[in-house]
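Geometric and topological summary
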Amino acid sequence: MAPPAAHKERTLIAAIGDEDTITGLLLAGIGDIDIHQRPNFLVVDSKTTQGQIEETFTSFTKRKDIAIILINQHVAEEIRGILDEYNAAFPTVLEIPSKDHPYDPSKDSVLKRVQLLLGD
């Protein structure tokens, strides 16, 4: 495990989700654009391709300033393969519900791992 000082630069929350979710998170103050003009959020709509979601998720996982990635569960379903393979501690990935899509614990990859570790 890396020393605690190695994680001090991870101060941002990134988000991938529908317009309502991202708008709410931006109003709460999570929005940021880094020195390379890369935002820490992606609004997913009907025109967003699976490739764009995958590319954004992968780029968020490589950034050293992001501690947590929030992703709407219905969007996570589109990249489930990548999410299931992702196993790094930082940034941590959390699946969240959206206004139109309720949370389903049976689909949450983090919860599945916890249940596997606990033997449930």
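This text gives an overview of the structure that appears in the document. These numbers come from a predicted model, not from an experiment. (Residues numbered from 1 in each chain as written. Predicted model: local features only at pLDDT ≥ 70, side-chain atom pairs only at ≥ 80, totals over all residues. Heavy atoms only, no water.)

1. A closer look at the pairing of strand β4 (residues 92-96)
Burial along β4 is one-sided: the face carrying Val 93 and Glu 95 is buried and the face carrying Thr 92, Leu 94 and Ile 96 is not. Pairing geometry for strand β3 (residues 66-72) and β4, over 5 bridges, is parallel. Counterpart to Ile 69 in the pairing with β4 is Val 93. (Buried < 20%, exposed > 50% of the residue type's maximum accessible area, 1.4 Å probe, protein only. Helix = DSSP H or I, 4+ residues; strand = E, 2+ residues; numbered from the N terminus. Pairing = 2+ DSSP bridges.)

2. Digging into unusual backbone geometry
With an omega dihedral of -10 degrees, the bond running from Phe 90 to Pro 91 counts as a cis peptide bond. With respect to the secondary-structure elements, Pro 91 resides in the loop between α4 (80-85) and β4. Phi is positive for Gln 37, close to 65 degrees, though the residue is something other than glycine. Its place among the elements puts Gln 37 in the loop between α1 (19-27) and β2 (41-43).

3. Some points on the environment of Leu 117
Inspection of the secondary structure assignment puts Leu 117 in helix α5 (residues 109-118). A residue is classified by how much of its surface remains accessible, and Leu 117, at 75% relative accessible area, is exposed. Sequence separation between Leu 117 and Tyr 103 is 14 residues; the distance between their C-alpha atoms is 22 Å.

4. Topic: the packing of aromatic side chains
Here the structure, examined in full by the defined rule, presents 1 aromatic pair. A centroid spacing of 5.7 Å and a plane angle of 80 degrees characterise the contact between Phe 57 and Tyr 86, whose relative ring orientation is edge-to-face. Placement of the pair is Phe 57 in helix α2 (residues 50-62) and Tyr 86 in the loop between α4 and β4, with a sequence separation of 29 residues. (Phe/Tyr/Trp six-rings, centres within 6.5 Å; stacked < 30°, edge-to-face > 60°.)

5. Some details on the nonpolar core
Within the largest apolar cluster, 17 residues are counted, with the highest numbers of intra-cluster contacts made by Ile 16, Ile 53, Phe 57, Ile 69, Ile 71 and Val 93. When residues of this core are traced back to their parent elements, those giving at least two are β1 (12-17), α2, β3 and α3 (73-76). Filtering out sequence-adjacent residues up to four positions away, Phe 57 remains in contact with Ile 16, Ile 69, Ile 79, Ile 82, Leu 83, Tyr 86 and Val 93. (Core = buried A, V, L, I, M, F, W, Y, C linked by side-chain atoms within 4.5 Å. Contact = heavy atoms within 4.5 Å.)

Function cannot be read off these values alone, since they describe shape.
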